[in-house]
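# Descriptive structure summary
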Protein chains: 2
Amino acid sequence: MTNMKIAPLSGFPEWLPEGRLVEQEILDTLRSTFELHGFSGIETRAVEPLEQLLRKGETSKEVYVLSRLHGGQGQDAELGLHFDLTVPLARYVLENAGKLDFPFKRYQIQKVWRGERPQDGRFREFIQADVDVVGSENLAFHHEIELPLVMVDALSKLPIPRVVVRASNRKVAQGFYEAIGLNDVVETLRIVDKLDKVGPKVVAQMLAESVDASPEQARLALALAEICGADASVADRVRALGYSSQLLEEGLEELVGLVEGANELLPGSVVADLKIARGLDYYTGSVFESTMMGHEDLGSVCSGGRYDSLVSDGKRTYPGVGLSIGVSRMISRVLGRGLVQPSRRVPTCVLVAVNEESERRHAEKTAHALRLRGIPADVSPSSAKFGKQIKFADKRGIPFVWFATEEGEQVKDIRSGEQVAADPDFWMPPVEDLTVCLLPVGELA
Amino acid sequence: MTNMKIAPLSGFPEWLPEGRLVEQEILDTLRSTFELHGFSGIETRAVEPLEQLLRKGETSKEVYVLSRLHGGQGQDAELGLHFDLTVPLARYVLENAGKLDFPFKRYQIQKVWRGERPQDGRFREFIQADVDVVGSENLAFHHEIELPLVMVDALSKLPIPRVVVRASNRKVAQGFYEAIGLNDVVETLRIVDKLDKVGPKVVAQMLAESVDASPEQARLALALAEICGADASVADRVRALGYSSQLLEEGLEELVGLVEGANELLPGSVVADLKIARGLDYYTGSVFESTMMGHEDLGSVCSGGRYDSLVSDGKRTYPGVGLSIGVSRMISRVLGRGLVQPSRRVPTCVLVAVNEESERRHAEKTAHALRLRGIPADVSPSSAKFGKQIKFADKRGIPFVWFATEEGEQVKDIRSGEQVAADPDFWMPPVEDLTVCLLPVGELA
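Everything numeric here is computed off the predicted structure, so don't read it as measured data.

Residue and element names in this part refer to chain A. Taking strand neighbours across the sheet as the criterion, the five strands line up as S15-S14-S16-S17-S18 in an open arrangement whose pairing is mixed. At either margin of the open sheet sits one strand with a lone partner, and together these are strand S15 (377–379) and strand S18 (419–421). Taken over all neighbouring pairs, the strand axes of this sheet differ in orientation by 25° on average, direction set aside. Note that strand S16 (residues 400–405) and strand S17 (residues 408–413) share six bridges and pair antiparallel. Counterpart to Val-401 in the pairing with S17 is Lys-412. Along the sheet, helix H12 (residues 360–372) contacts strand S14 (350–352), S15 and S16; its crossing angle with S15, the most-contacted strand, is approximately 175°.

Below you can see the structure in the form of structure tokens.
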């Protein structure tokens, strides 16, 4: 290994060790919350056969295709890096269907890759955290209340601005559009999905051009999109627009059941918002989006919905409901704006000082005793003057320095300067100093 | 998403949820041990510019090269998936040198990819766990004792067969080969490295052919490789071969310092074994390899060494010492031989039963109260007969089922059948049932 020239790669975020401490703490909290709710973790390989990655119909996704440097052509199936965790889940469920218990509750926290143009909050390599419940043949509606609440529970524990989940229901949209005579539901949804970006005038114009909407149909579609709220009044306002159908009623009942059920368990958790459309055509029931308060410009940080067929093997269909958190998007904002910082820059709680090199072995034994009891400890790499060793700790935010003195072992809290006699087999730091914790800053403080 | 045909991909290991519980527990133990020793975690992007991946001189490595499906030619720098965590570390250190504190102690647990022919314990996608200490300009020898001990500490906590680290020193090999007149040290090392595979006769023959070794020189090189032990007698036996040089003496002093220092702190941790050669030419001091006892056929599961120049920016050089654990190799053996199993198949500790659908909300509140106190809880997905709900828990190994009865809330240990009154705000399971733990089986029990 010799000289290297370094050019940063846009779209591939990396953090300094301090930033990684924040990311790791966030990933740990997500995982432990998912496990508290009984979800099993899985990890799938980073690659899928290209034909399966392109199956979703989303050929607009920029897939990274792999080839082996010395490999001949056509030796292997063509492989690509997965661009989400849903395609891998579908394949995993089918591959292991005989060995999984259904309903299968799984979480998955992994990197995904998209070769798209990088911009703020949009990366080429990023982490997603997904939870899904997948049934075999059928899946009860109550999971559509359960899943967003898992995410609200997880997100509420993170050092990030408050997130509210906004929900709609595909049956409401489809039932209403069909009732007012707009029969190209998928295209109508795709246009309404742009409402926040382009505004109502442009949406009306696009509806007229793309799905032949009359001014009255466009007005009604926009009126539906304006409705939001957290209780049964939402359904009343939809009905007050004067249209009805069996599908619409079914959707309204589910939507009200969702927001009322969710808010009874976790008040303020889920709001019905009928402009939520979600572009993907495989959703069939509840759909979800969520933004961080004050950071709506970042777009949705947690989205998903109900799908009646994640995958099918020809004999059996697997319906599900799931949500996905855009972890890197959230973290890059939180780190970029300096909204949180770790309590120290390294895991170390105690630096054991070294008087002179001949005493290093003794210092190592002290550190070993501390670690045996779960206290992260490091030994000073040099036997420089104590002042220098304290500076070494201070620069990294290590709170305690341990000395072997003529009066015996002592430990100094270098923040207060307090120094006390201590035995490495018994001394414990205050619990808040034991491991790194995250401190909210600015708008989060 | 519609029908899918599934064909397994050789070389890309994936586990069922039970296997992932084992993997996750092993990864957690590695990470927490590295942090106890004061190492900072970093995560680098999965890709590096191709020219940097090929810089190490190891063009025999089968790199996976990326291209964008819709991307034109030559739009971006050519990227490949990293095949180890050392090349990314070198790039990360150089890119962030001004912001890192040296000596920089980092651990990194990530997937790497190699497009090689898959075989037992050799994958195309696998997890490595690396620890390195990187200095700026210089790095004290004591880190060569510290680093293998970090790995021994970590490995000893895992549910795997015992691992002993075997060490040699590049200075001993180089000093000795030069002293006996074999001046192509790199090639000699490469040949001696094959000793375990091809035996002493073939090695002698190869030495004669490739580095012009006389029979006496070959005999001496093989005699050196036979020496092993855990104390200063190792150096005596090398000296007894009758050759000496300043470099050889320096190496012997380091090697004895290493094994004696390591074994004083952790008895039985490190053995000197002079046949350890390590193919890579960038090692300059201690080198390490380790096998699991009884599973030597798997090859080394933890290797590394000292290098005087990880990387250089032309002005500054960064020496280091590091070891890497082949996590997937270890786990595939442990899972494949059934040497360990998780105490249950899901994270759930308590399944809250549902009497009838109208009481689901009550069951959700009970589960919520349990989770608030850190008890993983799930609500029965159906309100089938209690017998069926207990079966649901039993199949997954969930130890407790919670009932709302006319006499009040009760919790049943379905293993013993014992059922007691319980309050979700106060009841706690025995600590060994709270989360999943790993149970050793067979040779590990």
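So, next bit.
Met-151 of chain A together with Met-151 of chain B are the most contacted members of the largest nonpolar core, which totals 205 residues. Excluding anything up to four places from it in sequence, Met-151 of chain A contacts Val-131, Val-165, Cys-302, Leu-323 and Ile-325 of chain A.

A few words now on unusual backbone geometry. Look at the link from Phe-102 of chain A to Pro-103 of chain A: it is a cis peptide, with omega at -5°. In this structure, Glu-137 of chain A takes a positive phi of about 75° despite not being glycine. Tracing the sequence through the fold places Glu-137 of chain A in the loop between strand S6 (125–134) and helix H4 (142–156). Its identity as a non-glycine residue notwithstanding, Asp-212 of chain B has a phi of 60°, on the positive side. Mapping Asp-212 of chain B onto the fold places it in the loop between helix H7 (195–211) and helix H8 (215–225). Residue Asp-212 of chain B is classed as exposed on the basis of its C-beta count, with 12 C-beta atoms lying within 10 Å.

Residues and elements named next belong to chain A. Under the domain assignment used here, chain A contains domain 1 (10–162 + 293–342), domain 2 (168–279) and domain 3 (350–443). Summarising the inter-unit geometry, the C-alpha centres of domain 1 and domain 3 are found 40 Å apart. Each side of the interface is counted separately: domain 1 has 11 residues, and domain 3 has seven residues. At the level of secondary structure, the elements contributing two or more residues to the side of domain 1 that touches domain 3 comprise helix H1 (17–36) and strand S13 (340–342). Across the side of domain 1 that touches domain 3, the residue classes break down as seven nonpolar, three polar and one charged.

Our next topic: the sheet that holds strand S11 (residues 302–312) of chain A. All names here are of chain A. Across the sheet, which stays open at both edges, the nine strands sit in the order S1-S5-S6-S12-S11-S10-S7-S9-S8 with mixed pairing between neighbours. If you trace the sheet from one side to the other, it starts and ends with strand S1 (40–41) and strand S8 (228–229), each paired once. Bridge count for strand S10 (residues 286–292) against S11 is two bridges, and the pairing is antiparallel. Paired with Val-287 across the strands is Gly-305, a residue of S11. Its contacts with the sheet place H1 against S1, strand S5 (104–113), S6 and strand S12 (317–326), and it is angled at close to 160° to S5. Of the strands in this sheet, S5, S6, S11 and S12 touch helix H3 (residues 86–96), which is tilted by about 35° from S11.

Turning next to helix H7 (residues 195–211) of chain A. All names here are of chain A. The end-to-end C-alpha separation of H7 is 16 Å, well short of the 24 Å expected for 17 residues at 1.5 Å each. At Lys-201, H7 shows its largest kink, close to 75°. Among the residues of H7, Val-203, Leu-207 and Val-211 are the ones counted as buried. Buried residues along H7 sit in contact with helix H6 (185–192) and helix H8 (215–225). Following H7 by one or two positions, Asp-212 adopts a phi angle in the positive range, close to 60°.

Residues and elements named next belong to chain B. Viewed as axis vectors pointing N to C, helix H1 (residues 17–36) and helix H11 (residues 327–336) meet at an angle of 135°, and their least axial separation amounts to 11 Å. One finds that H1 runs oblique with respect to H11. Handedness of the crossing formed by H1 with H11: right-handed. Here Gly-19, Val-22, Glu-23 and Ile-26 of H1 lie close against H11, whose contacting residues are Val-327, Ile-331 and Leu-335. Among the residues forming the contact of H1 with H11, the class breakdown is five nonpolar, one polar and one charged.

The partner chain A presents 74 residues to the 74 residues of chain B that form the contact. If one sorts the elements of the side of chain B that touches chain A by residue count, helix H12 (residues 360–372) of chain B sits on top with six residues. A breakdown of the residues in the side of chain B that touches chain A according to their chemical character gives 29 nonpolar, 20 polar and 25 charged. Bridge analysis of strand S3 (residues 64–68) of chain A against strand S3 (residues 64–68) of chain B gives five bridges, and the strand direction is antiparallel. Directly across from Leu-66 of chain A, in S3 of chain B, lies its bridge partner Leu-66 of chain B.

Rules used throughout
Residues numbered from 1 in each chain as written. Chains lettered and ligands numbered in written order. Predicted model: local features only at pLDDT ≥ 70, side-chain atom pairs only at ≥ 80, totals over all residues. Pairing = 2+ DSSP bridges. Helix = DSSP H or I, 4+ residues; strand = E, 2+ residues; numbered from the N terminus. Axes fitted to C-alpha atoms, helices over the stretch in contact; angles between N-to-C directions. Contact = placed C-beta atoms within 7 Å. Core = buried A, V, L, I, M, F, W, Y, C linked by C-beta atoms within 7 Å. Buried ≥ 20, exposed ≤ 12 C-beta atoms within 10 Å, placed from the backbone. Domains from an automatic or database assignment. Nonpolar A, V, L, I, M, F, W, Y, C, P; charged D, E, K, R; others polar. Expected span 1.5 Å × (residues − 1). Bend = angle between axes of the 7 residues up to and from the residue. Parallel < 35°, antiparallel > 145°, perpendicular 65-115°, else oblique. Left-handed = near helix turned anticlockwise from the far one by under 90°.

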